[in-house]
Amino acid sequence: MSARTRRRWLIASGLAVIVAAAAVVSATALAAPPAGEPSLAVFDREPTDREREVEALSERDGGGVGWGDAEVQARLILEYEAEPESPAREVWALRFMADGPAGGQLSVVCLSSEPAGVDGGPFACMEEPDLARRGFIPLDQPRPSVVVGGEVRVIEWGPTGDARLIDPPEPPAPDDERS
């Protein structure tokens, strides 16, 4: 085999290996689930005594969302300090489950900075399947936010992992402002 033929064969073999490796990496990335435990798994654990108290209050009051006959699960998902040396603030997830109009079960998850969601704190809700798919990003109401050290922070939660506070996302630019 001449040096030229050998070089062509090596280049072709090398390219084939690179293409095959890229295909395996792409297939693995597409098939792999998102890393971390689903955020909604917080509802799989037994509630604390305090969470049970909030559930009872929310069930009695319909959770402030008019779901008088709903079963309610309440979980404390985040504690944070709003100001140095101030008491810890909280973010609660409340899952309301009720019979839907078509006979199935309707499940809505709300986030609030107040335990029962009825004391005037930020309160936003979305259907559980949507939260499981894209995280807590309601489409018809603003994402819940809090003020920490004079700065507005947005609550980020789901589809996997724990809740956390982030900077507010930048809204997309209108089409006419894009470069």
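Heads up: the structure comes first, above all this text.
Predicted model only: the values in this text are computed from it and were never measured.

1. So, the overall build of the protein chain
When its secondary structure is counted, the protein chain shows three helices and seven strands. Going residue by residue from the N terminus, the α and β elements of the protein chain occur as α-α-β-β-β-β-α-β-β-β. Put simply, the protein chain has 179 residues, and 32% of those count as buried. Of the contacts made within the protein chain by residues no fewer than 6 positions apart, 41% connect residues no fewer than 24 positions apart. Summing over all exposed atoms, the protein chain offers an accessible surface of approximately 11500 Å²; the carbon and sulfur share of this is 55%.

2. With respect to the pairing of strand S3 (residues 105–112)
The element S3 is largely enclosed, with a buried count of six among its eight residues. Pairing of strand S2 (residues 88–99) with S3 involves eight bridges; the strand directions are antiparallel. Directly across from Phe96, in S3, lies its bridge partner Val108. In textbook terms, the turn of a hairpin is the stretch between consecutive antiparallel strands, and for S2 and S3 this stretch comprises five residues, one of which, Gly103, has a positive phi near 95°. Across five bridges, the pairing between S3 and strand S4 (residues 123–127) is antiparallel. Paired with Ser112 across the bridge in S4 is Phe123.

3. Re the nonpolar core
In this structure, Phe43, Ile77, Leu111, Leu131, Phe136 and Trp157 are the most contacted members of the largest nonpolar core, which totals 20 residues. In terms of residue count, strand S1 (residues 71–81) provides more of this core than any other element does, three residues in total. By size, the runner-up hydrophobic cluster in this structure holds eleven residues, among which are Val54, Trp92, Leu94 and Ala98.

4. Here's the deal with the pairing of strand S6 (residues 151–156)
As paired strands, strand S5 (residues 145–148) and S6 are joined by four bridges and run antiparallel to one another. Bridging across to S6, Ser145 finds its partner in Val154. Note that S6 and strand S7 (residues 164–166) share three bridges and pair antiparallel. Looking at the pairing, Val154 lines up with Ile166 of S7.

5. Brief notes about the pattern of salt bridges
Within the structure shown, the criterion is met by nine salt bridges. With a closest N to O distance of 2.9 Å, Asp167 and Arg153 form a salt bridge. Taken together, the residues Asp167 in the segment after S7 and Arg153 in strand S6 connect sequence positions 14 residues apart. Taking the shortest distance from any N to any O, the salt bridge between Arg164 and Glu156 comes out at 2.5 Å.

6. Some details on the sheet that holds S6
Strand order in the open sheet formed by three strands is S5-S6-S7, and the pairing between neighbours is antiparallel. The sheet is open, and its two borders are formed by S5 and S7, each paired with just one other strand. Between one strand axis and the next, the sheet turns by 45° as a mean value, whatever way the strands run.

7. Overview of the side chain of Arg75
By the secondary structure assignment, Arg75 is in strand S1. Look at Arg75 and you get buried, because its relative accessible area is 1%. At a separation of 3.3 Å, a polar atom in the side chain of Arg75 contacts the main-chain carbonyl oxygen of Val42. Contact partners of Arg75, with chain neighbours within four places excluded, come to Val42, Phe43, Arg45, Glu46, Pro47, Glu51, Glu55, Val91, Trp92 and Ala93.

Definitions and limits used
Residue positions are counted from 1 within each chain, in the order its sequence is given. With pLDDT at 70 or above as the cut-off, local features in this predicted model cover only qualifying residues; side-chain atom pairs require 80 or more to be listed or tallied, and sums for whole chains, interfaces and linings still use all residues. Each side-chain value is worked out from all heavy atoms of the structure, with water and hydrogens disregarded. A run of H or I in DSSP counts as a helix once it spans at least four residues, and a run of E counts as a strand once it spans at least two, with each numbered from the N terminus. Three labels apply to residues, based on accessible area from a 1.4 Å probe with only protein chains included: buried if under 20% of the type maximum, exposed if over 50%, partly exposed otherwise in between. By the convention used here, residues are in contact when the closest approach between their heavy atoms is within 4.5 Å. Computed by Shrake-Rupley with a 1.4 Å probe, the accessible areas treat only the displayed protein chains as cover when residues are assessed. Pairing between strands requires that DSSP locate at least two bridges from one strand to the other. Residues grouped as a nonpolar core are buried Ala, Val, Leu, Ile, Met, Phe, Trp, Tyr and Cys residues, joined through side-chain atoms within 4.5 Å. Salt bridges are identified by distance alone: a Lys or Arg side-chain nitrogen within 4 Å of an Asp or Glu carboxyl oxygen. Axes here mean lines fitted to C-alpha atoms, for a helix over just the part in contact, with angles spanning 0 to 180 degrees between N-to-C directions. Whenever a nitrogen or oxygen atom comes within 3.5 Å of another N or O atom, the pair is scored as a polar contact, on the condition that within protein one atom can donate a hydrogen and the other can accept it, and that pairs from neighbouring residues in sequence are kept only if both atoms are in side chains.

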